[in-house]
Amino acid sequence: RGPGVDPAVDDRLVEHVDVAPTILELLGLPPWQPMRGRSLLAQRERRAPRRDFAFSEHMLGQAIAVRAGTWTAILHRKTTSQFPSYPMRAGRRELWRQAAHQIRVDPELHPEPARRLDRALEEFMSDGLGLQAKPAINQDRESLRALGYIE
């Protein structure tokens, strides 16, 4: 929703990273480079290709998920008991299927969606933006440690 934008219901996959390019387009400003997101206006108007997968990170980056159609795969990236009701084990993979509600399923019983989503996750994690990190200073390290990003 925005000025001059009619609300619409659309079944296209979108990601949180699409918010910034959408706002920039609404303001008539170009997106900065590199930018992973796509303008939702461009997607709705079919100026951008339909997304096959939507990715998201959860729990401070300790899990990463990919969705395609009715399927969602989750990869645990870190072992932690920070969330007791949902313990994380590095390398654990989950497969979920949307029916009337989300249902956790056995990947061995659904090998093709599991393989397809796993490949998409691996490609997403290996496809960085090509940015160079600045040298860290002690204050940066302590801030990241306090936030739980590094040990």
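Parameters and conventions
- Residues numbered from 1 in each chain as written.
- Predicted model: local features only at pLDDT ≥ 70, side-chain atom pairs only at ≥ 80, totals over all residues.
- Heavy atoms only, no water.
- Helix = DSSP H or I, 4+ residues; strand = E, 2+ residues; numbered from the N terminus.
- Buried < 20%, exposed > 50% of the residue type's maximum accessible area, 1.4 Å probe, protein only.
- Polar contact = N/O pair within 3.5 Å; in protein donor to acceptor, adjacent residues only side chain to side chain.
- Contact = heavy atoms within 4.5 Å.
- Arc of directions from axis to C-beta.
- Pairing = 2+ DSSP bridges.
- Axes fitted to C-alpha atoms, helices over the stretch in contact; angles between N-to-C directions.

Participant: Is there a simple way to explain the side chain of Arg-51 in this structure?
Facilitator: Relative to the elements of secondary structure, Arg-51 occurs in the loop between α2 (40-44) and β1 (54-58). Since its relative accessible area comes to 10%, Arg-51 is described here as buried. Reaching out from Arg-51, the side chain makes a polar contact with the side chain of Asp-18 at a distance of 2.7 Å. If sequence neighbours within four positions are ignored, Arg-51 has contacts with Leu-13, Val-14, Glu-15, Asp-18, Arg-36, Arg-38 and Gln-43.

Participant: Help me understand helix α1 (residues 19-26), please; the structure alone is not making it clear to me.
Facilitator: Note on helix geometry: an α-helix contains 3.6 residues per turn, so any two residues three or four positions apart are oriented the same way. Residues of α1 that are buried: Pro-21, Thr-22 and Leu-24. End-on view of α1: buried residues confined to an arc of 160°, all on one side of the axis. Against α2 lie the buried residues of α1. Positive phi shows up at Gly-28, right after α1, with a value of about 75°.

Participant: What's the story with the sheet that holds strand β5 (residues 102-105) in this structure? I'm lost.
Facilitator: Through backbone hydrogen bonds, the strands of a sheet pair up, either in parallel or in antiparallel fashion. Across the sheet, which stays open at both edges, the five strands sit in the order β1-β2-β3-β4-β5 with antiparallel pairing between neighbours. Here the strands that pair on one side only, and so sit at the sheet edges, are β1 and β5. Neighbour-to-neighbour, the strand axes of the sheet open up by a mean angle of 25°, direction not taken into account. By the bridge criterion, five bridges tie β1 to strand β2 (residues 63-68) in an arrangement that is antiparallel. Note on β2: the bridge partner recorded for Glu-57 is Ile-64. Here helix α3 (residues 111-126) sits on the sheet and contacts β1, β2, β3 (71-76) and β4 (93-98); the angle it forms with β2, its principal contact strand, is near 125°.

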